[in-house]
Amino acid sequence: MNSFGEKLKALRTEKGLGQVQLAKELKVSKSVISLWETGGSEPTLSNLAKIAAFFNVSIDYLAGIE
């Protein structure tokens, strides 16, 4: 099973976005994106909702539930 960070990185690269571009879209810093992708931290529920909406996936998918 892929971790949240692996899923986020795959979704980001699939859209052809760099970490800086995604950070701007989600209104977070590039370092936050890096921490999420490497497992250094996890997003808040509100940021998880933003990520899900941006990539048009469910929160369950991001959390590894489905």
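About the criteria used
- Residues numbered from 1 in each chain as written.
- Predicted model: local features only at pLDDT ≥ 70, side-chain atom pairs only at ≥ 80, totals over all residues.
- Heavy atoms only, no water.
- Helix = DSSP H or I, 4+ residues; strand = E, 2+ residues; numbered from the N terminus.
- Contact = heavy atoms within 4.5 Å.
- Axes fitted to C-alpha atoms, helices over the stretch in contact; angles between N-to-C directions.
- Parallel < 35°, antiparallel > 145°, perpendicular 65-115°, else oblique.
- Nonpolar A, V, L, I, M, F, W, Y, C, P; charged D, E, K, R; others polar.
- Buried < 20%, exposed > 50% of the residue type's maximum accessible area, 1.4 Å probe, protein only.
- Polar contact = N/O pair within 3.5 Å; in protein donor to acceptor, adjacent residues only side chain to side chain.

Caption draft 1: How the structure looks around the side chain of N47. In this fold, N47 is placed in helix α4 (residues 45–55). Those residues within four positions of N47 in sequence are excluded, and the remaining contacts are V28 and W36.

Caption draft 2: Structural context of the packing of helix α2 (residues 19–26) against helix α3 (residues 30–38). Contact geometry for α2 and α3: axes closest at 8 Å, N-to-C directions at 110°. Here α2 is positioned roughly perpendicular relative to α3, judged by the angle of their axes. Within the contact between the two elements, α2 uses Q19, V20, L22, A23 and L26 and α3 uses K30, I33, S34, W36 and E37. Tallied by class, residues from the contact of α2 with α3 come to 6 nonpolar, 2 polar and 2 charged.

Caption draft 3: Geometry of the environment of L11. Its place among the elements puts L11 in helix α1 (residues 4–14). Judged by relative accessible area, L11 falls into the buried class, the value being 10%. Considering only alpha carbons, one finds L11 and E42, 31 residues apart in sequence, at a separation of 16 Å. Once residues within four sequence positions are removed from consideration, L11 is found in contact with F55, V57, Y61 and L62.

Caption draft 4: Layout of the side chain of Q19. Mapped onto the fold, Q19 is located in helix α2. With a relative accessible area of 17%, Q19 lands in the buried category. Only 3.1 Å separates the side chain of Q19 from the side chain of K30, close enough to count as a polar contact. If we ignore the near neighbours within four places in the chain, the residues touching Q19 are R12, K30, I33, S34 and E37.

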